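So you can see what is in the structure, the chains are spelled out below.
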Amino acid sequence: MSVRWAGVFPAVTTQFRQDQSLDLRATAVHLEAVLASGVSGLVVCGSLGENQALDADEKRSVVENAVRVAAGRVPVIAGVAETSTAAAVRYARDCARFGAAGFMVMPPMVYKPDAEEAAGYFRVVAAATDLPWMLYNNPLAYTVDVTPERLLGYADIPNLRAIKESSGDPRRVTEIRLALGDRLAVFAGVDDLILESSVLGIDGWVAGSGIAFPAENQRLWELTRAGRWDEARQMYRWAAPLMKLDTHPKFVQYIKLMVQEAGLGAEWVREPRRPLTGVERERVLGTIRAGLSSRPCS
């Protein structure tokens, strides 16, 4: 199906059993809960989806599962996170065959490419299919920084349609607009900058922590679209401590624990990640339970 690059495209978790085996049924249940909130797309096998901890066949089964669950209601965007250009091309072509509507492409994993190498990688992966794609810019996690100036050099790639901006600097929204106008849809990629980014004029939001409170997450987005800023601020202040959990190196564990507390999945992660324990677990649980006990849409 075609992709309208606007609205909330949550980055969903990949659910596992306690023995770390893939649990597609639990993943499907979680997807249905997110879909019920009114999202505009699904991003699977992203960072939060533990892409790099999945083997090749598992990634493909997660994408196939999501396409089956979505059943044409919203587009499924497959995260691309590979260590080689050839592997990324193979994966993109397979996902296109499975029915993915587009891609969210991360820079090469492990190797830290320079600007020329990164540009070459993105161009080759883009040419692997004719499906539209979103460039995931997260220099804090993946070292490559596609600045607005560098992004301008990608403007000739016809199927590049959006950027997930996760540099942590909301000024980038304006800088991208000044450099490229409306050539690309701009998606916020840092949860606790969503209100600031919305004020500056974004098209969408790849939400992370909101997969544990999808009704509130969607409500916040809709308030920003309607320009109802006083109400949006109130919702944002409630959500901010929960959204902050998306900005920690253990964000996968934190958000999966939050998903579990919300009754939408399980906390099990795949090693080398491990579930939270001790003081850290109690601290994070305190934040989660305080937020979920006062949910505005409950």
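Look a little higher up for the structure.
Predicted model only: the values in this text are computed from it and were never measured. Every chain's residues receive numbers from 1 upward, in the order its sequence appears when written. Reporting in this predicted model follows two pLDDT cut-offs: at least 70 for local features of residues, and 80 or more for side-chain atom pairs to be given and counted; totals over whole chains, interfaces and linings ignore these cut-offs and use all residues. As a convention, hydrogens and water are excluded, and side-chain values are obtained from all of the structure's heavy atoms.

Q: What's the story with the environment of leucine 257 in this structure? I'm lost.
A: Only DSSP runs of H or I reaching four residues or more are called helices, and only runs of E reaching two or more are called strands; each is numbered from the N terminus. Summarising the element assignment, leucine 257 is placed in helix H11 (residues 251-261). Any residue under 20% of the maximum accessible area for its type is buried, any over 50% is exposed, and the rest in between are partly exposed; the area is computed with a 1.4 Å probe on protein chains only. For leucine 257, a relative accessible area of 0% puts it in the buried group. Expressed as a C-alpha distance, the spacing of leucine 257 and alanine 179, which sit 78 residues apart in the sequence, is 40 Å. Contacts are assigned to residue pairs that have any heavy atoms within 4.5 Å of one another. Excluding residues that lie within four positions of it along the chain, leucine 257 makes contacts with Glu267, Leu276, Arg281, Val284, Leu285 and Ile288.

Q: Explain the packing of aromatic side chains to me, please; I cannot follow it from the model alone.
A: To describe a pair of aromatic rings, you give the distance between the ring centres and the angle between the ring planes. A pair of aromatic rings is counted whenever rings of Phe, Tyr or Trp (Trp by its six-membered ring) have centres within 6.5 Å, and the orientation is called stacked for planes under 30 degrees apart, edge-to-face for over 60 and tilted otherwise. Applying the stated rule across the entire model yields eight aromatic pairs. Seen from their ring centres, tyrosine 121 and phenylalanine 122 are 5.9 Å apart, and the 70° between their planes marks the pair as edge-to-face. Accessibility expressed as a relative area gives 2% for tyrosine 121, which makes it buried. A centroid spacing of 5.2 Å and a plane angle of 85° characterise the contact between phenylalanine 213 and tryptophan 238, whose relative ring orientation is edge-to-face. In this pair, phenylalanine 213 sits in the loop between strand S8 (204-205) and helix H9 (214-225) while tryptophan 238 sits in helix H10 (residues 229-243), placing the two residues 25 residues apart along the sequence. Exposure remark for phenylalanine 213: the relative accessible area of 1% places this residue in the buried category. An aromatic cluster is built from Tyr121, Phe122, Trp133 and Tyr154, whose rings are joined through pairwise contacts. Only when the NZ atom of a Lys or the CZ atom of an Arg is both within 6 Å of the ring centre and within 35 degrees of the ring normal do we say a charge sits over the ring. Above the ring of tyrosine 91, the side-chain terminus of lysine 59 is found at 6.0 Å from the ring centroid.

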